[in-house]
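Report on the structure
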Amino acid sequence: MPRNRVQHQKGLSDDAFERLYPDEEACRRAWFAWRWPEGFKCPRCAASEYCEIHDRQLLQCRRCRYQTSLIAGTVLQGTKLPMRVWFRAMHLLAQGKKGLSNIELGRRLGISTNAAWRIQHKLMQAMIERDRRYMLGAAGPRIEIDDAYIGGERTGEGTGRGRRGQTPFIIAVETSSDGRPLYTRLQVVRGFQAGETKRLCARVVAGTTVVSDGGQWFRCIAEQPGIVHQRHVTGSDRSAARHPAFRWANTMLANIKNSLLAAHRVVAAKHLPRYLGAFAWRFNRRFVLKTIHERLAIAATTTPPMPYRLLKLAEARW
Ligand SMILES: [Zn+2]
């Protein structure tokens, strides 16, 4: 059972993490290597020669004299917090199976709840941007998709569609030929409509089989170029939710409920795309827990900065 392999997977312990990144200097060195794996590259002229000025807070290109910093142009741009705080946040957010509330994150980092909220949302945005680049079906031949609701008074399956105060989303789980789950995508939608299904299919590799139930908004899958549609018409009662064709989509939904409700009692609907995106990002990297903080850091170095104003808005749609 793959789930057991995940549960027994050892992540990076807090001790090991502190030994790897004991101070600002170690963090800056690591960040430099993640941002410029082939050595420094001037953002303006792409030259590789540089010098450090102002106690290494700035890097200056030797050719065009353009000044940049380690964090300019990344998700960390403009931060007043030590890099070590960000590193700890990456460690906590990437390792945590259940996710963390901003209150808990703030407490563990020794910063205010608001500052923790900003860090959390910026890093979750980096997770989303990274996973957006992945085409479903790139590793497995089959994708289960299902519709679900979350939020409002209670989280439920796709039955009783259209509950008030609930946010609809599509769960997609890519599986291997022997039926193991590989990757997931959780796409918040404006409503269950063909347009949203097409949007999901646009990010699916040609030749993939997409398995869905008989929902109207899934009918269009058959018309998407290169995609084979396998439709299981099921009833709308509880037994439908247990149909073996949607085993992983259903398992995923149960895990999302547990995870989100455990960490965040209430999640504002406009921020749900980010929480779901973060959940999917962690799931997609459940076998690489030892280096998962590095993967988040690399995503953060390649994600453009996001102003607080935009963070507060729902800017995280797939
Ligand atoms: Zn330059």
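Summarised in this report is the structure supplied together with it. The shown structure was predicted, so the numbers you read here are calculated from the model rather than taken from an experiment.

**Regarding the overall build of the chain**
Within the chain one finds 12 helices and 8 strands. Counting over 318 residues, the chain shows a buried share of 51%. Long-range contacts, defined here as pairs at least 24 residues apart, represent 62% of the contacts in the chain between residues at least 6 apart. Accessible area of the chain: about 15,500 Å², with a carbon and sulfur share of 50%.

**A few points about the coordination of the zinc ion**
Protein-derived ligands of the zinc ion are C42 (SG), C45 (SG), C61 (SG) and C64 (SG), with the metal-ligand distances lying across 2.3 Å. Metal-centred angles of 103 to 113° between the 4 donor atoms at the zinc ion mark the site as tetrahedral. Judged by its relative accessible area of 22%, C45 falls in the partly exposed class.

**Observations regarding the sheet that holds strand β1 (residues 50-53)**
Spatially, 3 strands are ordered β1-β2-β3 in an open sheet, and the strand pairing comes out antiparallel. Strands with a single pairing partner mark the edges of an open sheet, and in this sheet they are β1 and β3 (67-68). Relative to strand β2 (residues 58-61), β1 runs antiparallel, the two sharing 4 bridges. When the bridges of β2 are listed, I53 appears paired with L58.

**Brief notes about the packing of aromatic side chains**
Applying the stated criterion across every chain yields a total of 14 aromatic pairs. Judged by centre distance (6.5 Å) and plane angle (55°), the rings of W31 and F87 are tilted. Of this pair, W31 sits in helix α3 (residues 24-35) while F87 is found in helix α4 (residues 83-95), placing the two residues 56 residues apart along the sequence. The burial state of W31 is the same as that of F87; both residues are buried. Taking the centre distance of 5.5 Å and the plane angle of 90° together, the rings of Y149 and F192 count as edge-to-face.

**What about the pairing of strand β6 (residues 181-188)?**
With 7 of 8 residues buried, β6 lies mostly within the body of the structure. Here strand β5 (residues 167-175) runs beside β6; their pairing, made up of 7 bridges, is antiparallel. Looking across to β6, one finds that I171 is bridged to L186. What sits between β5 and β6 in their antiparallel hairpin is a turn of 5 residues, with G179 showing a positive phi close to 85°.

**Side note on the packing of helix α9 (residues 247-263) against helix α10 (residues 272-284)**
For any two helices packed against each other, one specifies the crossing angle of their axes together with the interaxial distance. The geometry of α9 relative to α10 is characterised by a closest axis approach of 11 Å and an angle of 115° between their N-to-C directions. Relative to α10, the crossing made by α9 is right-handed. From α9, M252, N255, I256, S259 and L260 reach across to α10, where they touch L272, Y275, L276, F279 and F283. Its residues assigned to classes, the contact of α9 with α10 comprises 8 nonpolar, 2 polar and no charged.

**Some words on the pattern of salt bridges**
Side-chain pairing between opposite charges can occur once the charged atoms of the two side chains come close. By the definition in use, this model includes 10 salt bridges. D131 is paired through a salt bridge with R285; the nearest N and O atoms lie 2.8 Å apart. You can see D131 sitting in helix α6 (residues 113-132) and its partner R285 sitting in the loop between α10 and α11 (292-301), a full 154 residues away along the chain. The buried category is assigned to D131, whose relative accessible area is 5%. We classify R285 as buried; its relative accessible area is 11%. The shortest N-O distance in the salt bridge between E144 and R142 comes to 3.1 Å. Each of E18, R84 and R88 takes part in salt bridges that share partners, so that together they form one network.

**Observations concerning unusual backbone geometry**
Positive phi, normally seen in glycine, also occurs at A46, with a value near 70°. Tracing the chain through its elements places A46 in the loop between α3 and β1. Phi angles above zero are rare outside glycine, and R65 is one such case at about 65°.

Reading the values: rules and limits
- Each chain carries its own residue numbering, running from 1 in the written order of its sequence.
- pLDDT decides what is reported in this predicted model: residues at 70 or higher carry local features, side-chain atom pairs at 80 or more are listed and counted, and totals for whole chains, interfaces and linings draw on all residues regardless.
- Excluding hydrogens and water, the side-chain values take into account all heavy atoms of the structure.
- Segments assigned H or I by DSSP are reported as helices when at least four residues long, segments assigned E as strands when at least two residues long, and all are numbered from the N terminus.
- Burial here depends on accessible area, computed with a 1.4 Å probe over protein chains only, as a share of the maximum for the residue type. Under 20% is buried, over 50% is exposed, and the range in between is partly exposed.
- Contact criterion: two residues are considered in contact whenever any of their non-hydrogen atoms come within 4.5 Å of each other.
- Areas reported as accessible are Shrake-Rupley estimates using a 1.4 Å probe. Residue values count occlusion only from the protein chains shown.
- Donor atoms: N, O and S within 2.8 Å of the metal, or within 3.2 Å for Na, K and Ca. Because water is excluded, sites can look incomplete.
- All geometry calls rest on donor angles, where a four-donor set with angles between 85 and 135 degrees is tetrahedral, four- and six-donor sets with opposite donors more than 155 degrees apart and all others between 65 and 115 are square planar and octahedral, and all else is irregular.
- Strands were regarded as paired on the criterion that DSSP finds at least two bridges between them.
- Classification of ring pairs uses Phe, Tyr and Trp, with its six-membered ring standing for Trp, and accepts pairs whose centres are within 6.5 Å; under 30 degrees between planes counts as stacked, over 60 as edge-to-face, and the remaining range as tilted.
- Here the axes come from fitting lines to C-alpha atoms, over the contacting stretch only for helices, and the angles between their N-to-C directions go from 0 to 180 degrees.
- Less than a right angle of anticlockwise turn of the near helix away from the far helix marks a crossing as left-handed, whereas a clockwise turn marks it as right-handed.
- Under the convention adopted here, Pro, Cys and the residues Ala, Val, Leu, Ile, Met, Phe, Trp and Tyr are nonpolar, Asp, Glu, Lys and Arg are charged, and Gly plus all remaining residues are polar.
- Put simply, a salt bridge is a Lys or Arg side-chain nitrogen that is within 4 Å of an Asp or Glu carboxyl oxygen.

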